[in-house]
Amino acid sequence: MADSSITKQALAGSLRELMEDLPFDKINVAQICERCGMNRKSFYYHFKDKYDLVNWIYYTECLTALREIDYQNPWSLLNDLCQYFYENRGFYRKTFTIEGQNSFSEYFRDITALIVRDEVEHIFGKEEDTSFYVDFYTDASVSYTHL
């Protein structure tokens, strides 16, 4: 494992541990770094902010694993995604409460929209205006996942 990945994993583990006891908005970068024995410079070398770290955790733990599977339909993908969130519900319940710019909810919606767009365009064709369907199914999927 490359040094960069080891550092990122350590910071991610530190954030996860802190979130077991504290709400996300009460955690700062200094606490994350202190918890894993790193300095702030190391943190900012790898991440823009703590929101970027949360998104990286999701990307590396979930999306990378799901990409390795050749899904025959989007429902299987959605099922595995829900299973992932269920298994990690303590962490993600807190991350879904984060609001504002760079929030996990915003990031998750963007990723979900890409998946939904591919499927909707496959059904209707790329020539059709599918924005209504993409927004509808994206919002439904995101809302369902928050529960």
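In case you missed it, the structure is sitting above this.
Heads up: these notes are all about the structure in this document. (Residues numbered from 1 in each chain as written. Predicted model: local features only at pLDDT ≥ 70, side-chain atom pairs only at ≥ 80, totals over all residues. Heavy atoms only, no water.)

Some remarks on the nonpolar core
By size, the foremost hydrophobic cluster in this structure holds 33 residues, and its most contacted members are Leu-15, Leu-53, Tyr-58, Phe-85, Tyr-92 and Phe-104. Counting residues per element, the ones that place at least two in this core are α1 (3–21), α2 (29–36), α4 (50–67), α5 (74–87), α6 (89–95) and α7 (104–124). Of all the elements, α4 adds the most residues to this core, at eight residues. (Core = buried A, V, L, I, M, F, W, Y, C linked by side-chain atoms within 4.5 Å. Buried < 20%, exposed > 50% of the residue type's maximum accessible area, 1.4 Å probe, protein only. Helix = DSSP H or I, 4+ residues; strand = E, 2+ residues; numbered from the N terminus.)

With respect to the packing of α4 against α5
Two elements in contact, α4 and α5, have axes whose closest approach is 11 Å; the angle formed by their N-to-C orientations is 145 degrees. α5 is crossed by α4, and the crossing has right-handed handedness. Between α4, through Ile-57, Tyr-58, Glu-61, Cys-62 and Leu-66, and α5, the contact on the second element is made entirely by Leu-77, Asp-80, Leu-81, Tyr-84 and Phe-85. For the contact of α4 with α5, the class distribution of residues is eight nonpolar, no polar and two charged. (Axes fitted to C-alpha atoms, helices over the stretch in contact; angles between N-to-C directions. Left-handed = near helix turned anticlockwise from the far one by under 90°. Contact = heavy atoms within 4.5 Å. Nonpolar A, V, L, I, M, F, W, Y, C, P; charged D, E, K, R; others polar.)

With respect to a nonpolar patch on the surface
A contiguous nonpolar patch, built from Ile-123, Phe-124, Phe-132, Tyr-133, Phe-136 and Tyr-137 and spanning about 650 Å² of accessible area, is present on the exposed surface. When contributions to the nonpolar patch are tallied by element, the ones reaching two or more residues are α7 and α8 (131–146). Ranked by residue count, the leading element in the nonpolar patch is α8, at four residues. Topologically, Phe-136 is positioned in helix α8. A residue is classified by how much of its surface remains accessible, and Phe-136, at 47% relative accessible area, is partly exposed. (Patch = residues over 30% accessible without salt bridge, like charges linked within 9 Å, V, L, I, M, F, W, Y side chains within 5 Å. Areas by Shrake-Rupley, 256 points an atom, 1.4 Å probe, with all protein chains shown as cover. Salt bridge = Lys/Arg side-chain N within 4 Å of Asp/Glu carboxyl O.)

A short note on α5
For α5, which comprises 14 residues, the first-to-last C-alpha distance of 20 Å matches the rise-based estimate of 20 Å (1.5 Å per residue) to within 8%. Those residues of α5 not exposed but buried are Leu-77, Leu-81, Tyr-84 and Phe-85. Along the long axis of α5, the arc covered by the buried residues comes to 95 degrees, so they all point the same way. Residues of α5 that are exposed and angled more than 90 degrees away from the buried face: Trp-75, Asn-79 and Glu-87. (Expected span 1.5 Å × (residues − 1). Arc of directions from axis to C-beta.)

Looking at the packing of aromatic side chains
Inspection of every chain in the model, using the stated rule, returns 26 aromatic pairs. Centre to centre, the rings of Phe-85 and Tyr-92 are 5.0 Å apart; their planes meet at 80 degrees, and the pair counts as edge-to-face. When sorted by exposure, Phe-85 lands in the same class as Tyr-92, which is buried. Taken together, a centroid distance of 6.5 Å and an interplanar angle of 75 degrees make the contact between Phe-85 and Phe-104 edge-to-face. Taken together, the residues Phe-85 in helix α5 and Phe-104 in helix α7 connect sequence positions 19 residues apart. When sorted by exposure, Phe-85 lands in the same class as Phe-104, which is buried. An aromatic cluster is built from Tyr-58, Tyr-84, Phe-85, Phe-91, Tyr-92, Phe-96, Phe-104, Tyr-107 and Phe-108, whose rings are joined through pairwise contacts. Above the face of the Tyr-51 ring, Lys-50 is positioned so that its terminal group lies 6.0 Å from the ring centre. (Phe/Tyr/Trp six-rings, centres within 6.5 Å; stacked < 30°, edge-to-face > 60°. Lys NZ or Arg CZ within 6 Å of the ring centre and 35° of its normal.)

Some thoughts on the pattern of salt bridges
By the definition in use, this model includes four salt bridges. As a salt-bridge pair, Glu-17 and Arg-35 come within 3.0 Å of each other at their nearest N and O atoms. Residue Glu-17 is found in helix α1, and its partner Arg-35 is found in helix α2; the two are separated by 18 residues along the sequence. Judged by its relative accessible area of 42%, Arg-35 falls in the partly exposed class. Between Arg-109 and Asp-139 there is a salt bridge, and its shortest N-O distance comes to 2.9 Å. Pair noted here: Arg-109 is in helix α7 and Asp-139 is in helix α8, with a separation of 30 residues, a long-range link.

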